[in-house]
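# Report on the structure
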Amino acid sequence: MNEIDWTALRGAATDAMAKAYAPYSGYPVGAAALVDDGRIVVGCNTENASYGVGLCAECGLVSNLALSGGGRLVAFTCVNGKGETIMPCGRCRQLLYEHAHPDMILETVSGIRTIDEVLPDAFGPRDLDHMAG
C-alpha cells in the first residue's frame with residue numbers, strides 16, 4: 001500500500017461533514033476513504049425525525065463506493081463538526097469491514113489502526129463463503 005495522504009482524507013471528510021443533515025443532534029459527521037483504485041469516497045450523516053432510521057456517515061460512504069464503481073477501502077477517517085477525528089460506531093465498523101481491503105487502516109482517536117484491530121474476530125463474507133464451500 002502506498003503512503004496515505006491523511007491530510008487530503010481529513011479534508012475530504014471535513015468537506016463531507018459540512019453537508020451533513022444533523023438538525024436533531026447538532027452533531028455533523030463526515031467520513032472519507034481511499035479506495036484501492038485511488039479514488040476517494042465520502043459520506044455524511046443524515047438524520048431523521050424518527051431518530052432510529054438516521055444514517056451514519058459511513059453508510060453514505062459505502063453507498064458512494066458502490067455507486068462509483070465498487071472496490072476495496074484501504075484507508076479511512078471520520079471527523080465531527082469541530083474537525084476532530086472520531087471513531088466509527090460498532091455497526092459502522094462492521095459495514096466498513098464488509099468493504100475493506102484486508103490491510104485497511106483507519107485513523108482513530110488512538111492513532112492509526114488496522115480494520116482487524118478495530119473489529120477483532122469480525123464476521124464477514126469469508127465466513128459465508130466457507131459454509132457454502
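In the block above lies the structure referred to throughout.
Summarised in this report is the structure supplied together with it. Note that the structure is predicted; figures quoted are calculated from it, not measured. (Residues numbered from 1 in each chain as written. Predicted model: local features only at pLDDT ≥ 70, side-chain atom pairs only at ≥ 80, totals over all residues. Heavy atoms only, no water.)

## Section: the side chain of N45
With respect to the helices and strands, N45 occurs in the loop between β2 (40-44) and α2 (57-67). A distance of 3.0 Å separates a polar side-chain atom of N45 from the backbone oxygen of Y27. With near-sequence residues (within four places) excluded, N45 lies in contact with A20, Y21, A22, Y27, P28, V29, L55, C56 and A57. (Helix = DSSP H or I, 4+ residues; strand = E, 2+ residues; numbered from the N terminus. Polar contact = N/O pair within 3.5 Å; in protein donor to acceptor, adjacent residues only side chain to side chain. Contact = heavy atoms within 4.5 Å.)

## Focus on the sheet that holds strand β4 (residues 100-108)
One open sheet holds the five strands; their spatial order is β2-β1-β3-β4-β5, and the pairing between them is mixed. Edge strands, defined here as strands with exactly one partner in the open sheet, are β2 and β5 (111-114). Pairs of neighbouring strands in the sheet enclose a mean axial angle of 20°, with direction left out of account. Pairing of strand β1 (residues 29-35) with strand β3 (residues 73-80) involves seven bridges; the strand directions are antiparallel. The residue bridging A32 from the neighbouring strand is T77, located in β3. The strands that α2 touches are β1, β2 and β3; relative to β2, the one it contacts most, it runs at about 140°. Running at roughly 140° to β4, helix α3 (residues 90-98) makes contact with β3 and β4 of the sheet. (Pairing = 2+ DSSP bridges. Axes fitted to C-alpha atoms, helices over the stretch in contact; angles between N-to-C directions.)

## What about the side chain of E47?
Turning to its location among the elements, E47 is positioned in the loop between β2 and α2. Among buried charged residues, E47 stands out as having no salt bridge; its nearest opposite-charge side chain is R91, 13 Å away. Looking at E47, its side chain comes within polar contact range of the main-chain nitrogen of Y24, at 2.9 Å. Excluding residues within four positions of it along the chain, E47 makes contact with Y21, A22, P23, Y24, S25 and G54. (Buried < 20%, exposed > 50% of the residue type's maximum accessible area, 1.4 Å probe, protein only. Lys, Arg positive; Asp, Glu negative; His and termini not counted. Salt bridge = Lys/Arg side-chain N within 4 Å of Asp/Glu carboxyl O.)

## Let's talk about the pattern of salt bridges
For the coordinates displayed, the defined rule picks out two salt bridges. Between R10 and E107 there is a salt bridge, and its shortest N-O distance comes to 2.5 Å. Here the residue R10 occupies a position in helix α1 (residues 6-17), and E107 occupies one in strand β4, the gap between them amounting to 97 residues. Overall, the relative accessible area of 13% leaves E107 in the buried class. In this structure, R39 and D37 form a salt bridge, with 2.9 Å as the shortest nitrogen-oxygen distance.

## Structural notes on α2
Among all positions in α2, only A57, E58, C59, L61, V62 and L65 are buried. Buried-residue contacts for α2 involve β1, β2, β3 and α3. Positive phi appears at G69, one or two residues downstream of α2, with a value of about 120°.

## Digging into the pairing of β1
Along β1, seven of the seven residues are buried, which leaves the element largely enclosed by surrounding structure. The side-chain alternation of β1 yields two buried faces, one formed by V29, A31, A33 and V35 and the other by G30, A32 and L34. Pairing between β1 and β2: five bridges, direction antiparallel. In the sheet register, A31 faces β2, and the bridge partner there is G43.

## Some details on a negative patch on the surface
Residues D103, D116, E117 and D121 make up a contiguous surface patch of negative charge. Residue placement: D121 occurs in the loop between α4 (115-118) and α5 (125-132). For D121, a relative accessible area of 81% translates into the label exposed. (Patch = residues over 30% accessible without salt bridge, like charges linked within 9 Å, V, L, I, M, F, W, Y side chains within 5 Å. Areas by Shrake-Rupley, 256 points an atom, 1.4 Å probe, with all protein chains shown as cover. Charge placed at Lys NZ, Arg CZ, Asp CG, Glu CD.)

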